[in-house]
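Residue-level structural notes
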Amino acid sequence: MAVDTQEVPFLELMPEPLFDRHGNEHPQPVPKMKLGGGDVVKVLQPYLSTRFLDQARAVVPLALYLALFQYLVLQTPVIDASIIAGGLFAVMVGLMMFMEGLKLGLMPFGEVIGNTLPRKLPLAGVLTIAFMLGVGVTFAEPAIGALQVAGSLVDPKAAPYLFTLLNDRSGITVLLVGLGVGLAAVLGTVRFLRGWSLKPLIFMSLTPTLILSVIAFLDDGAGGLNTIVGLAWDCGAVTTGPVTVPLVLALGIGVASAAGKGADSSLSGFGIVTLASVFPILGVLCLSFYTKFTVPAEEIIARAAEMRAAAEAATSQPQWFEMTPWTEVILGVRAIVPLVIFLAIVLFVVLREKMKNAFITNYGIILAVVGMCIFNIGLTFGLAKLGDQSGGLIAGAFASIDVIAASPLYSMSVGIGIAALFAWVLGLGSTLAEPALNALGMTVQNLTNGAFKKSMLMGAVAFGVAIGIMLGVLKLIFDWHIMYILIPGYTIGLILTLLSTEEFVNVGWDSAGVTTGPVTVPLVLAMGLGFGNALGATEGFGILAAASICPIVAVLTLGLYVQFKVKREERRTARELAQEGEIA
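Calculation criteria
Residues numbered from 1 in each chain as written. Predicted model: local features only at pLDDT ≥ 70, side-chain atom pairs only at ≥ 80, totals over all residues. Heavy atoms only, no water. Helix = DSSP H or I, 4+ residues; strand = E, 2+ residues; numbered from the N terminus. Buried < 20%, exposed > 50% of the residue type's maximum accessible area, 1.4 Å probe, protein only. Contact = heavy atoms within 4.5 Å. Areas by Shrake-Rupley, 256 points an atom, 1.4 Å probe, with all protein chains shown as cover. pLDDT = per-residue confidence, 0-100. Phe/Tyr/Trp six-rings, centres within 6.5 Å; stacked < 30°, edge-to-face > 60°. Salt bridge = Lys/Arg side-chain N within 4 Å of Asp/Glu carboxyl O. Core = buried A, V, L, I, M, F, W, Y, C linked by side-chain atoms within 4.5 Å. Polar contact = N/O pair within 3.5 Å; in protein donor to acceptor, adjacent residues only side chain to side chain. Expected span 1.5 Å × (residues − 1). Arc of directions from axis to C-beta. Patch = residues over 30% accessible without salt bridge, like charges linked within 9 Å, V, L, I, M, F, W, Y side chains within 5 Å.

1. Observations regarding the overall build of the protein
Looking only at helices and strands, the protein features 21 helices and two strands. The buried share among the 584 residues of the protein stands at 51%. Put simply, of all contacts in the protein between residues at least 6 apart along the chain, 83% involve residues at least 24 apart. Looking at the protein as shown, the accessible area adds up to about 27,000 Å², and 66% of this sits on carbon and sulfur atoms.

Listed below in structure tokens is the structure:
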């Protein structure tokens, strides 16, 4: 990215030669090079600044946008601005360290295991390890912590089953999400090996998911399951983050390459992200139905009262591990270390392989653990705090809320328009800042020989996410159920899937996964829940779900246009060649 050179005379680096009385050069030890503080900074500056700026580009514009919107449009300064700024800085530093650690420490494990598994184990063993890896990476996903933070904001009387899934059963909920990702890893690996089309897999996985969602949506009585649907579909968006996608892909592509099935570069790597988004939704829905049939709502409400009383008692005399920052540190260690132990057991015990460059791998693992701990602290004090505050204040544009004395600040129609525009710009900006989208755009441009340009894909995905987040905010304002967005969205998506070629189906359905990064997810989740609380909504979930289907529709629509344009160009070229033949 940048080269900085400095010429140093050789004699300054080497000591003056010494000769004995016979004129022969006398060997002498070369002293170690001594670096001052300034030299160390010069050496590390390009390495650190490039990686830090990647995260700053995603976080700083969003934070400035939210702060300026709050100050200029909502006429309210940012509360605890210095704490939030420190938290956002921690998010950037934590993500920088975590992403570097992921690349140096965890990714090599995935690649080595993926390349070695098919040679050392039968297919059943390969799929078992792929399944267990899928479960493990879910717990290591940074955005999973945001879901668990959101649980404290749910009212147990209004949504008892949503409350229990996010609080006393949060571990089981995350486990079911992990089982869904594990199943997706197995199916994705088999798909690589067998060369299956993604289209039938999409229809086979989405059909039962949509049926269960409709059944839950219709259960809208007191203590019904209709409040679960938004959470279930948001879980699908949360799973496809910076840990799950690269590790599961590295394993799947490694297995396919080792088996000699990785030649078709237009399909390799795509599709597995889609399955890793759908199966967790199915898992959470199944868990909610099981909970409904085994635990009465009254028992959950009583249990919630006990938990609240216990929490209040614990607040007066908390244990050291229940206090910040130790809680976040423990969560960070718990997320990464078990995954590393599992990968090490598979590599060293099951496969009996050695890790090349072990020092660098260990350095990467330490970076990933420390980065995750710092990110969790930043999430608590920065992203979640800012998103919750902004979401709670937006309602003041069109409704009366306690925090803004002069609310509503605008008329109903103008205020709702401002809230919708705010959400649209937030979605557009946060998506264009995602590094994964840039990488996907370049890959697609190369695979389609420039027919589907990177800028076109990025624009389509960002526009789709912006529309999705805007629809999610309007859902909260008008108290729509998320199914009113999901059913038309997925119906259009499935129709477009039938009409599109395999390559565009792979890219279109995977594009939803790259939009839900570790910055976007906590911010949008916290904003939705804060907004929902300000409006008195039962739950603020569903914004991420809406932000997942809209880019799929946008990319598939654009794909059909690109296909039409390419065919029209081919027909025009064929006509010109035919005319030249007639003239000749």
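That was the structure; now back to the text.
2. Digging into the environment of Gly-182
Position of Gly-182 among the secondary structure elements: in helix α7 (residues 170–194). Judged by relative accessible area, Gly-182 falls into the buried class, the value being 0%. With 93 residues separating them along the chain, Gly-182 and Leu-275 place their C-alpha atoms 9.9 Å apart. Not counting chain neighbours up to four residues away, the residues in contact with Gly-182 comprise Ala-130, Phe-131, Gly-134 and Val-135.

3. Concerning the environment of Leu-386
Within the secondary structure, Leu-386 sits in helix α14 (residues 358–394). According to the relative accessible area criterion, Leu-386 is buried, its value standing at 3%. Distance from Leu-386 to Ala-63, taken between C-alpha atoms, is 7.9 Å for residues 323 residues apart in sequence. Beyond its immediate sequence surroundings of up to four residues, Leu-386 is in contact with Ala-63, Leu-66, Ile-84 and Leu-88.

4. Some details on the environment of Trp-509
Position of Trp-509 among the secondary structure elements: in helix α19 (residues 502–514). It is 8.2 Å that separates the C-alpha atoms of Trp-509 and Leu-556, two residues lying 47 residues apart in sequence. Excluding its chain neighbours within four sequence positions, the residues that come into contact with Trp-509 are Ile-202, Leu-206, Thr-274, Tyr-490, Gly-493, Leu-494, Thr-497, Ile-552 and Leu-556.

5. Notes on the confidence of the model for the protein
Averaged over all residues, the pLDDT of the protein is 82; the fraction at 70 or higher stands at 89%. When pLDDT is averaged over each element of the protein, helix α18 (residues 483–499) comes out on top at 93 and helix α5 (residues 144–150) at the bottom at 66. With pLDDT under 50 throughout, residues 263–268 is counted as low confidence; its partners more than four residues away or in other chains account for nine contacts.

6. Quick look at the packing of aromatic side chains
Under the definition given, this model contains 10 aromatic pairs. Look at Tyr-65 and Phe-69: their rings are 6.2 Å apart centre to centre, the planes differ by 45 degrees, and that puts the pair in the tilted class. With Tyr-65 and Phe-69 both in helix α2 (residues 37–73), this residue pair falls four residues apart, about one helical turn. Pairing Tyr-65 with Phe-422 gives two aromatic rings, centres 5.5 Å apart and planes at 15 degrees, and the pair type is stacked. Placement of the pair is Tyr-65 in helix α2 and Phe-422 in helix α15 (residues 412–432), with a sequence separation of 357 residues. Residue classification places Phe-422 among the buried residues on the basis of a relative accessible area of 2%. Among the aromatic side chains, those forming a connected cluster through ring pairs are Tyr-65, Phe-69 and Phe-422.

7. A short note on the pattern of salt bridges
For the structure on display, the rule yields nine salt bridges. Residue Asp-168 is joined to Arg-303 by a salt bridge in which the shortest nitrogen-to-oxygen separation is 4.0 Å. Placement of Asp-168 in the loop between α6 (160–166) and α7 and of Arg-303 in helix α12 (residues 297–316) is noted, with a sequence separation of 135 residues between them. Note that Glu-569 and Arg-572 form a salt bridge whose closest N and O atoms lie 2.4 Å from each other. You can see Glu-569 and its partner Arg-572 sitting in helix α21 (residues 543–583), three residues apart, about one turn around the helix. Classification of Arg-572 by relative accessible area gives partly exposed; the value is 36%.

8. Examining the nonpolar core
With 119 residues, the main nonpolar core has Trp-233, Phe-452 and Trp-509 as its most contacted residues. Val-181, Phe-192, Val-243 and Cys-373 belong to the second-largest nonpolar core, a separate cluster that totals 45 residues.

9. Observations regarding the side chain of Asn-376
Note that Asn-376 resides in helix α14. Residue Asn-376 is classed as buried on the basis of its relative accessible area, which comes to 8%. Only 3.3 Å separates the side chain of Asn-376 from the backbone oxygen of Glu-328, close enough to count as a polar contact. Beyond its immediate chain neighbours, meaning those up to four positions away, Asn-376 contacts Glu-328, Leu-331 and Gly-332.

10. What to know about α18
With 17 residues, α18 should cover 24 Å at 1.5 Å per step; its first-to-last C-alpha distance of 24 Å lies within 8% of that length. Restricting attention to buried positions, one finds in α18 the residues Met-483, Ile-485, Leu-486, Gly-489, Tyr-490, Gly-493, Leu-494, Leu-496 and Thr-497. The buried side chains of α18 occupy one side of the element, clustering within an arc of 165 degrees when seen end-on. Of the exposed residues in α18, those oriented more than 90 degrees away from the buried face are Tyr-484, Leu-498 and Leu-499.

11. Thoughts on unusual backbone geometry
Of the consecutive residues Ser-407 and Pro-408, the connecting peptide bond is found in the cis state with omega at -5 degrees. You can see Pro-408 is positioned in the loop between α14 and α15. In this structure, Asp-80 takes a positive phi of about 55 degrees despite not being glycine. Looking at where Asp-80 falls in the secondary structure, it is placed in the loop between α2 and α3 (81–120).

12. Notes on the side chain of Ser-500
Note that Ser-500 resides in the loop between α18 and α19. A polar contact is formed between the side chain of Ser-500 and the backbone oxygen of Leu-496, at a distance of 2.7 Å. If near-sequence neighbours (up to four positions away) are discounted, Ser-500 is found in contact with Lys-199, Val-505, Leu-556, Leu-560 and Gln-563.

13. Side note on a nonpolar patch on the surface
On the surface, Val-8, Phe-10, Leu-11, Leu-13, Met-14, Met-33, Leu-35, Val-40, Val-43, Leu-44 and Leu-48 cluster together into a nonpolar patch covering about 1,100 Å² of accessible area. Among the secondary structure elements, those contributing two or more residues to the nonpolar patch are α1 (10–13) and α2. In terms of residue count, α2 provides more of the nonpolar patch than any other element does, four residues in total. Structurally, Leu-44 is set in helix α2.

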